[in-house]
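Each chain, letter by letter, is given below.
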Amino acid sequence: MENFENKVVLVTGGGSGIGKATAAAFVASGAKVVITGRRKAVLEKTAQELGSQVHFIAADVCETGEPARIVEETIGKFGRLDVLVNNAGTGTMGPLSATSDTDIESTYRINVFAPLAFVREAIPHLATTKGAVVNISSVTARGTLPAVVAYASSKAAGEHAVRLLAAELGPMGIRVNAVAPGFTDTDALAYVKSNEEMMGMIVAQTPMGRLGKPEDIASAVLMLAGDRAAWVTGQSVQAGGGYML
Ligand SMILES: NC(=O)c1ccc[n+]([C@@H]2O[C@H](COP(=O)([O-])OP(=O)(O)OC[C@H]3O[C@@H](n4cnc5c(N)ncnc54)[C@H](OP(=O)(O)O)[C@@H]3O)[C@@H](O)[C@H]2O)c1
């Protein structure tokens, strides 16, 4: 198990799903963790569950200036930043013909703009700690499925940004990687879980024969954030039980 004692981790979207499991795994490994999201009540409940090592900041990370405010508050609260996990994400599903300009913009805002803005604001702090960034991508960044073009193309942009940032920030001692989950059992999957036929198809196409758990993704995040991955940068690691290889 990785050891993150005396380290400070910022997890966007840390109130629920994969972000919550990631925050919990970092706390269990000794870290102090800041979680963000828009729903204050959700964050409050998660912070209470995870204990005094966790601080929450309610904010919409898509709003200009909020990533800067969140990084600043993290430093104010805990004094340093070792790991940034860009997890907050969502997106419009559906064929392009049914995808509005607003859908495209909001999908790119959360999956491309916000992660880039967070990395930019975190650079001086991560350079000091020789820290790491882990972005939560998706297997759809590389594979193809019908009717996910806005979401999947935004995740693909995020994955290329990971490679570009690994090159740009490596000289400062900052590593940048991504974890690309397959179908994972969170609130975001409600639309799939309500469709038995779709669920059956997904599980049948997953060599490991089940949906992912948020904890499966958290484990991959900690692996990439930890010292044992000190020579790994610019990579996207699929964590999807073999789905869409
Ligand atoms: N579940 C899957 O099958 C799957 C597969 C591939 C990739 N992923 C990726 O995994 C990541 C986590 O998703 P999840 O499955 O764990 O779903 P989730 O539970 O819905 O988590 C998404 C989190 O992002 C936060 N968020 C969304 N928009 C935000 C905004 N504008 N500002 C601040 N926070 C925002 C949400 O909090 P608020 O609503 O309170 O703001 C929520 O906590 C996402 O990047 C997603 O694309 C998931």
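Residues numbered from 1 in each chain as written. Predicted model: local features only at pLDDT ≥ 70, side-chain atom pairs only at ≥ 80, totals over all residues. Heavy atoms only, no water.

**Comments concerning the overall build of the chain**
As a reminder, the rule being used: Only DSSP runs of H or I covering at least 4 residues are called helices, and only runs of E covering at least 2 are called strands; the numbering of each starts at the N terminus. The globule rule is 2.2 Å times the number of residues to the power 0.38, and the radius of gyration it is compared with is taken over C-alpha atoms. Under the scheme applied here, a residue whose accessible area is under 20% of the maximum for its type counts as buried, over 50% as exposed, and between as partly exposed, the area being computed with a 1.4 Å probe on protein chains only. Only heavy atoms enter the contact rule, under which two residues are in contact if any of them lie within 4.5 Å. Every accessible area reported is derived by Shrake-Rupley at a probe size of 1.4 Å, with residue values counting cover from the shown protein chains alone. Counted as positive: Lys and Arg. Counted as negative: Asp and Glu. His and the chain ends are not counted at all. To locate a charge, take NZ of a lysine, CZ of an arginine, CG of an aspartate or CD of a glutamate.
The number of helices and strands found in the chain is eight helices and seven strands. Rg of the C-alpha trace for the chain: 17 Å, near the compact-globule value of 18 Å for 245 residues, within the 12% margin. Counting across all 245 residues of the chain, residues that qualify as buried make up 51%. Counting only contacts in the chain whose residues sit at least 6 apart along the sequence, the fraction spanning at least 24 positions is 69%. For the chain, the exposed area adds up to about 11600 Å²; of that, 55% sits on carbon and sulfur atoms. Of the charged side chains in the chain, 21 are positive and 23 negative; the average position of the first set lies 5 Å away from that of the second.

**Notes on unusual backbone geometry**
Its identity as a non-glycine residue notwithstanding, lysine 130 has a phi of 55°, on the positive side. Here lysine 130 falls in the exposed class, since its relative accessible area comes to 54%.

**Re the site of the ligand**
The condition is simple: Note on terminology: near, applied to a residue and a molecule or strand, indicates that one of the residue's heavy atoms is within 4 Å of it. The definition of a polar contact used here is a pair of N or O atoms within 3.5 Å, where within protein one atom must be able to donate a hydrogen and the other to accept one, and adjacent residues in sequence count solely through side-chain atom pairs. Under the scheme applied here, ten amino acids are nonpolar (Ala, Val, Leu, Ile, Met, Phe, Trp, Tyr, Cys and Pro), four are charged (Asp, Glu, Lys and Arg), and all others, including Gly, are polar.
Residues in close proximity to the ligand total 27 residues, the closest being Arg38, Arg39, Asn87, Tyr151 and Thr186. In the model, an oxygen atom of the ligand is placed 2.8 Å from a nitrogen or oxygen of the isoleucine 18 main chain. Contact between the ligand and arginine 39: an oxygen atom at 2.7 Å from a side-chain N or O atom of the residue. Coverage of the ligand by the protein amounts to 92% of the 880 Å² it exposes when considered alone. A class-by-class count of the residues in the shell around the ligand yields 12 nonpolar, 11 polar and four charged.

**Structural notes on helix H5 (residues 149-169)**
Quick reminder of the rule: Multiplying 1.5 Å by the helix residue count minus one yields the expected span of that helix.
The terminal C-alpha atoms of H5, which comprises 21 residues, lie 29 Å apart, in line with the 30 Å expected from a rise of 1.5 Å per residue. All buried positions along H5 are accounted for by Ala150, Tyr151, Ala152, Ser154, Lys155, Gly158, Glu159, Ala161, Val162, Leu165, Ala166 and Leu169. In this fold, the buried residues of H5 make contact with helix H4 (101-129), strand E5 (132-136), strand E6 (175-181) and strand E7 (236-239).

**Remarks on the environment of valine 54**
By secondary structure assignment, the location of valine 54 is in strand E3 (residues 54-58). In this structure valine 54 comes out as buried when scored by relative accessible area, which is 10%. Through-space distance from the C-alpha of valine 54 to that of glutamate 197 is 39 Å; in sequence the pair is 143 residues apart. The residues contacting valine 54, other than those within four sequence positions of it, are Val27, Val33, Ile35 and Ala47.

**So, the environment of cysteine 62**
Turning to its location among the elements, cysteine 62 is positioned in the loop between E3 and helix H3 (66-78). For the pair cysteine 62 and phenylalanine 113, spaced 51 residues apart in the sequence, the C-alpha separation amounts to 7.2 Å. In this view, cysteine 62 contacts Arg109, Ile110 and Phe113; residues no more than four positions away in its chain are not counted.

**Topic: the UniProt feature "domain: Ketoreductase" (unreviewed entry) in the chain**
Operational definition: UniProt positions are given in the numbering used here, feature names are shortened, and annotations may be inferred rather than shown by experiment.
What UniProt calls "domain: Ketoreductase" (unreviewed entry) maps, in this numbering, to residues 7-182. The span residues 7-182 is 49% helical and 18% strand by assignment, and the distance between its end C-alpha atoms comes to 28 Å.

**Here's the deal with the packing of aromatic side chains**
The condition is simple: For Phe, Tyr and Trp, rings pair up if their centres lie within 6.5 Å, where Trp contributes its six-membered ring, and each pair is then called stacked (planes under 30 degrees apart), edge-to-face (over 60) or tilted (otherwise).
A complete count under the given rule lists two aromatic pairs for this structure. For the ring pair phenylalanine 4 and phenylalanine 26, a centre distance of 4.8 Å and an interplane angle of 75° mean the geometry is edge-to-face. Residue phenylalanine 4 is found in the segment before strand E1 (8-12), and its partner phenylalanine 26 is found in helix H1 (residues 17-28); the two are separated by 22 residues along the sequence.

**Re the packing of H1 against helix H8 (residues 214-225)**
Definition in use: Axis lines are fitted through C-alpha atoms, for helices just across the contact stretch, and the angle between N-to-C directions can take any value from 0 to 180 degrees. An angle below 35 degrees is read as roughly parallel, one above 145 as roughly antiparallel, one from 65 to 115 as roughly perpendicular, and any other as oblique. Two helices cross in a left-handed way if the nearer one is turned anticlockwise from the farther one by less than a right angle. They cross in a right-handed way if the turn is clockwise.
Contact geometry of H1 with H8 gives a least axis separation of 8 Å together with a crossing angle of 55°. The orientation of H1 relative to H8 falls into the category oblique. Considering how the two elements wind past one another, H1 and H8 form a crossing that is right-handed. From H1, Gly17, Ile18, Ala21, Thr22, Ala25 and Phe26 reach across to H8, where they touch Pro214, Glu215, Ile217, Ala218, Val221, Leu222 and Ala225. The residue inventory of the contact of H1 with H8, partitioned by class, reads 10 nonpolar, two polar and one charged.

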